[in-house]
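# Observations on the model geometry
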Amino acid sequence: MTGPEHRRNHQPNQDALSLRGWSGGWVAAVADGLGSRPFSGEGSRAAVQAAQHVIRVLAERRELRSTAARDIAIAVYRQWLSTTRFTDKSNAATTLLLAACNSDGNVRLWQLGDGLIVCRSQGTFRVITPERSAFGNETRALGIDRAWSYWTSTELALRDENDAIVLMTDGVADDLNVEKIPQFTEALIRHLSTRSRRAGRSWLQRELMNWATPNHTDDKTIAVIYRRRG
């Protein structure tokens, strides 16, 4: 959802989302272009496309499970660099959140920069994203930071009904009280699990358009992968 401030100023959405199925599983990529960079919207779209490309190529080669998380992050970064048209890549700087979930519910996760990844795994809620340590609006991003140490990566499993992974840009995450994240995630899955994928998407878009936080301005994007009954 394009943020109200961007709509008022006739500016494009700087968030990007790609959610695609593969071999009974799903790949979700969410990116948030840095507002201070002139082509960050293009950078965020290139980031989710690069992430999808790398994961799907590795999956087709049956190398996804055996490839180290660091090597996958490097491959995504290189793919993004090769498809970003600007000489100065920092002009298109963007965060990236990525989840690859196979048909068995095994999930691999990566994050560079702001945003939030939360999960419900075997009935237990967990925040994957580390606490922010940067000052003010400073964030890590493709086009700025190259070191693997700036990434967060982990693996987990969605085994039980309504276990889930939720990726969200900071337009959503910054408005959530930390103590309320489990309740927010629970409500999100409860509403989505009673709807088809198309109906769930429409419901979620309405919720983001009518976001409850007063005076919110930022673009808002959420991607959800969850296990249905059976």
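Throughout what follows, the structure given in this document is the object of discussion. (Residues numbered from 1 in each chain as written. Predicted model: local features only at pLDDT ≥ 70, side-chain atom pairs only at ≥ 80, totals over all residues. Heavy atoms only, no water.)

## Digging into the packing of aromatic side chains
Throughout the structure, instances matching the rule amount to four aromatic pairs. On the basis of an interplanar angle of 25° and a centroid distance of 6.4 Å, the ring pair of Trp148 and Trp151 is categorised as stacked. Given a relative accessible area of 29%, Trp148 falls into the partly exposed group. Consider the rings of Phe184 and Trp211, whose centres lie 6.5 Å apart with planes at 80°: the pair is edge-to-face. With Phe184 in helix α5 (residues 181–192) and Trp211 in the loop between α6 (197–209) and β9 (222–226), the pair connects residues that are 27 residues apart, well separated along the chain. Residue Phe184 shares its accessibility class with Trp211, and that shared class is buried. Above the ring of Tyr150, the side-chain terminus of Arg140 is found at 3.8 Å from the ring centroid. Looking at Arg146, its charged tip hangs above the ring of Tyr77, at a distance of 5.8 Å from the centre. (Phe/Tyr/Trp six-rings, centres within 6.5 Å; stacked < 30°, edge-to-face > 60°. Buried < 20%, exposed > 50% of the residue type's maximum accessible area, 1.4 Å probe, protein only. Helix = DSSP H or I, 4+ residues; strand = E, 2+ residues; numbered from the N terminus. Lys NZ or Arg CZ within 6 Å of the ring centre and 35° of its normal.)

## Description of the side chain of Thr185
Here Thr185 lies in helix α5. Residue classification places Thr185 among the buried positions, given a relative accessible area of 1%. If near-sequence neighbours (up to four positions away) are discounted, Thr185 is found in contact with Val118, Phe125 and Val166. (Contact = heavy atoms within 4.5 Å.)

## Considerations on the nonpolar core
Counting residues in hydrophobic clusters, the biggest one holds 30 residues, and the most contacted among them are Trp80, Leu96 and Trp110. Sorting elements by how many residues they give to this core places helix α2 (residues 40–60) first, with eight residues. Ignoring any residue separated from it by four or fewer positions in sequence, one finds Trp80 in contact with Gly43, Ala46, Ala47, Ala50, Lys89, Ala92, Thr94, Leu142 and Gly143. Listed in part, the 20 residues of the second largest apolar core include Leu176, Leu188, Trp203 and Ile222. (Core = buried A, V, L, I, M, F, W, Y, C linked by side-chain atoms within 4.5 Å.)

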